[in-house]
Amino acid sequence: MKKHIKILKKKLKNYNPKLKEECGIFGVGNAKDASALTALGLHALQHRGQEGCGIVSFNGKQYFSEKRFGLVGDNFNKEKILKKLQGDYAIGHNRYSTTGENSLRNIQPFFADTNAGGIGIAHNGNLTNSISLRNKLVKEGAIFYTTSDTETIVQLIARSKRLKTIDKIVDAIFQIQGGYALVMLTQTSLIGVRDPFGIRPLVIGKIKNSYVLASETCALDIIGAKFLREVENGEIVIIKEDTLKSIKPFHPKKARPCVFEYIYFSRPDSILNNKSVYEYRKNLGIELAKENDINADIVVPVPDSGNAAALGFAQHLNKKFELGLIRNHYVGRTFIEPSQKIRSLGVKLKLNANQSTIKEKKIILIDDSLVRGTTSFKIVKMLYDAGAKEVHVRIACPEIKYPDFYGVDTPTKKELLSANKNKDEICKYIGAKSLEFLSLNGMYRAIGFDKRNQSYPQLTDHYFTGDYPVKPIDELGDNKVTQLSLLSSVSNN
Ligand code: AMP
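Let me begin by describing the structure that accompanies this report. Keep in mind the model is a prediction, meaning the values are calculated, not measured.

### A few points about the sheet that holds strand 21 (residues 390-395)
Move 1: Across the sheet, which stays open at both edges, the five strands sit in the order 17-16-20-21-22 with parallel pairing between neighbours. With one partner strand each, in any of the chains shown, strand 17 (320-321) and strand 22 (434-437) form the two edges of the open sheet.
Move 2: In terms of strand pairing, strand 16 (residues 298-301) meets strand 17 through two bridges, oriented parallel. Its bridge partner lying in strand 17, I298 is registered against K320.

Written out as structure tokens, the structure is:
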């Protein structure tokens, strides 16, 4: 018993009520094999989250739900399971968890019965006022089943006094704040929502008479759907059979999509703002090269995150590009491991120095970003251990000095290396010969947004500037989950 209490206390101490998620979402309506298409879409979005996956489908009468820990390919690969997910409408979700609770209950899509009928919901992003909303709801008598902020949205929809489902949804969305993209399945339609600043991504595609919603265009490519356009910031799209209706209930705001989709999160073959992510990343490398040339023998990318930037860098300066690090593709993204200990182990599992290319060489090592420094620290050491003469680290984005609250796991200020050390100290910490970052102007030049334009900033770029488009309410004040829900969520782990 004593031991049990000790474990509980430890869990409580470590429990982090800030529920950060960067996930992949997908939805399709009016399509034969909707659940199989959803499984394929989720597979293409696997890089956005690997902890769990789920699909909810609707056959006109009934909803079906299957959720699993692990990868889409390992879970939704059998006809048997896809056959259970009946109907022409389906939504799906890949979950990325950080330090939040890691249980099947938190895997999405969520499903709830409301007085207007059933509703399935899958969410990418993070609400900045979910804890204060949740506490208010709990005081009013709401019972929460999960520790995910998405359940707050479900509760708000279910408790809305409006009659029609779409009005209930609008009602709920008016109360939430943050960066979010949602796909929902009601009894009559597939619905997509993007937050008023368009921080989190969502695109629309079409295949035959079916509309598709997805976090990224690579999920349209895999099923042969044509990319139509992005869901606009603050837009709600309602898909019924072969029609798509759009409503914009918010006051118009200037879009500010998240810059980290350009830098790291999206797959290079996806399209953002009409250009391929690969091109943006090569441009980041070109701008980095313009600002930070140095005498060296070879340019080496940190695979895969630094590949495109390193190529741009090397091509621009006519330097030799070599694969000095070889990646084991059977290990997930390092950062995605929930604890720091496992994360640092992950770097070793994932990469190995390619000795023949780096021995006795002066190396420019390129990565897309430096957050806690775990990756650079390990890799620089790995390269020196394998015989490199000099390792100069170049990072294809500015220094990350401010944490994120909209769903990208760039952690608390305490953990951000650039928030706590100057460039020379970081260089020393990671053991490199020299270290440089891309400037903010360089980053904007690379992405093609014009910083001199009056309407700057055009991206959500608080990582570098501290300019948050949505106030992080939960961070500022009412940020404690009520004791009861805290205890129950932990003891039911
Ligand atoms: P770190 O090792 O903590 O410095 O993190 C930097 C590495 O993680 C880089 O190789 C990036 O490609 C990757 N990365 C950067 N930001 C994120 C993020 N928000 N989520 C997951 N991975 C990231």
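### Some thoughts on the site of the ligand
Move 1: Inspection of the region around the ligand gives 18 residues, with D367, D368, R372, G373 and T375 positioned closest.
Move 2: S305 has a polar side-chain atom sitting 3.2 Å from an oxygen atom of the ligand.
Move 3: Take D368: an N or O atom from its side chain is 2.6 Å from an oxygen atom of the ligand.
Move 4: In isolation the ligand exposes 490 Å². Once the protein is present, 96% of that is buried.
Move 5: Broken down by element, the residue count for the shell around the ligand peaks at three residues, all from helix 9 (residues 259-265).
Move 6: Class assignment for the residues of the shell around the ligand results in eight nonpolar, six polar and four charged.

### Here we look at helix 6 (residues 150-159)
Move 1: With eight of 10 residues buried, helix 6 lies mostly within the body of the structure.
Move 2: Residues of helix 6 that are buried: T150, E151, T152, I153, V154, Q155, L156 and I157.
Move 3: Among the structural elements, strand 5 (110-114), strand 6 (117-127), helix 5 (130-139), helix 7 (165-175) and strand 7 (178-185) are those in contact with the buried residues of helix 6.

### Some remarks on the side chain of D368
Move 1: In this structure, D368 sits in the loop between strand 20 (362-367) and helix 14 (374-385).
Move 2: One buried charge, D368, has no salt-bridge partner; the nearest side chain with opposite charge is R281, at 6.4 Å.
Move 3: Here S369 takes part through its side chain, which lies 3.2 Å from a polar atom of the side chain of D368.
Move 4: In this structure D368 touches I263, Y264, S305, G306, I395, A396 and C397, once residues within four positions along its chain are discounted.

### Structural notes on the side chain of D367
Move 1: Tracing the chain through its elements places D367 in strand 20.
Move 2: Here D367 occupies a buried position and makes no salt bridge, while the nearest side chain of opposite charge, K350, is found at 8.2 Å.
Move 3: At 2.7 Å, the side chain of D367 and the side chain of S305 are in polar contact.
Move 4: Apart from the residues lying within four places of it in its own chain, the contact partners of D367 are V302, S305, G306, T375, R394, I395 and A396.

### What to know about the pairing of strand 1 (residues 24-28)
Move 1: In terms of burial, strand 1 is a largely internal element, five of the five residues being buried.
Move 2: Of the two faces of strand 1, both are covered, the one formed by G24, F26 and V28 as well as the one formed by I25 and G27.
Move 3: In terms of strand pairing, strand 1 meets strand 4 (residues 89-95) through five bridges, oriented antiparallel. By the bridge assignment for strand 4, G24 is matched with N94.
Move 4: In this structure, strand 1 lies alongside strand 10 (residues 210-214), joined through three bridges in antiparallel fashion. Looking at the pairing, F26 lines up with A214 of strand 10.

### Things to note about the pairing of strand 9 (residues 203-207)
Move 1: Counting buried positions along strand 9 gives four out of five residues, so the element sits mostly inside the fold.
Move 2: Pairing between strand 9 and strand 11 (residues 226-230): four bridges, direction antiparallel. Residue pairing for strand 11: V203 is matched across the bridge by E230.
Move 3: Summarising the sheet, strand 9 and strand 10 pair through five bridges and their orientation is antiparallel. Residue pairing across strands places I207 opposite S210, the latter belonging to strand 10.

Cut-off values and rules
- Residues numbered from 1 in each chain as written.
- Predicted model: local features only at pLDDT ≥ 70, side-chain atom pairs only at ≥ 80, totals over all residues.
- Heavy atoms only, no water.
- Pairing = 2+ DSSP bridges.
- Helix = DSSP H or I, 4+ residues; strand = E, 2+ residues; numbered from the N terminus.
- Near = heavy atom within 4 Å.
- Polar contact = N/O pair within 3.5 Å; in protein donor to acceptor, adjacent residues only side chain to side chain.
- Areas by Shrake-Rupley, 256 points an atom, 1.4 Å probe, with all protein chains shown as cover.
- Nonpolar A, V, L, I, M, F, W, Y, C, P; charged D, E, K, R; others polar.
- Buried < 20%, exposed > 50% of the residue type's maximum accessible area, 1.4 Å probe, protein only.
- Contact = heavy atoms within 4.5 Å.
- Lys, Arg positive; Asp, Glu negative; His and termini not counted.
- Salt bridge = Lys/Arg side-chain N within 4 Å of Asp/Glu carboxyl O.

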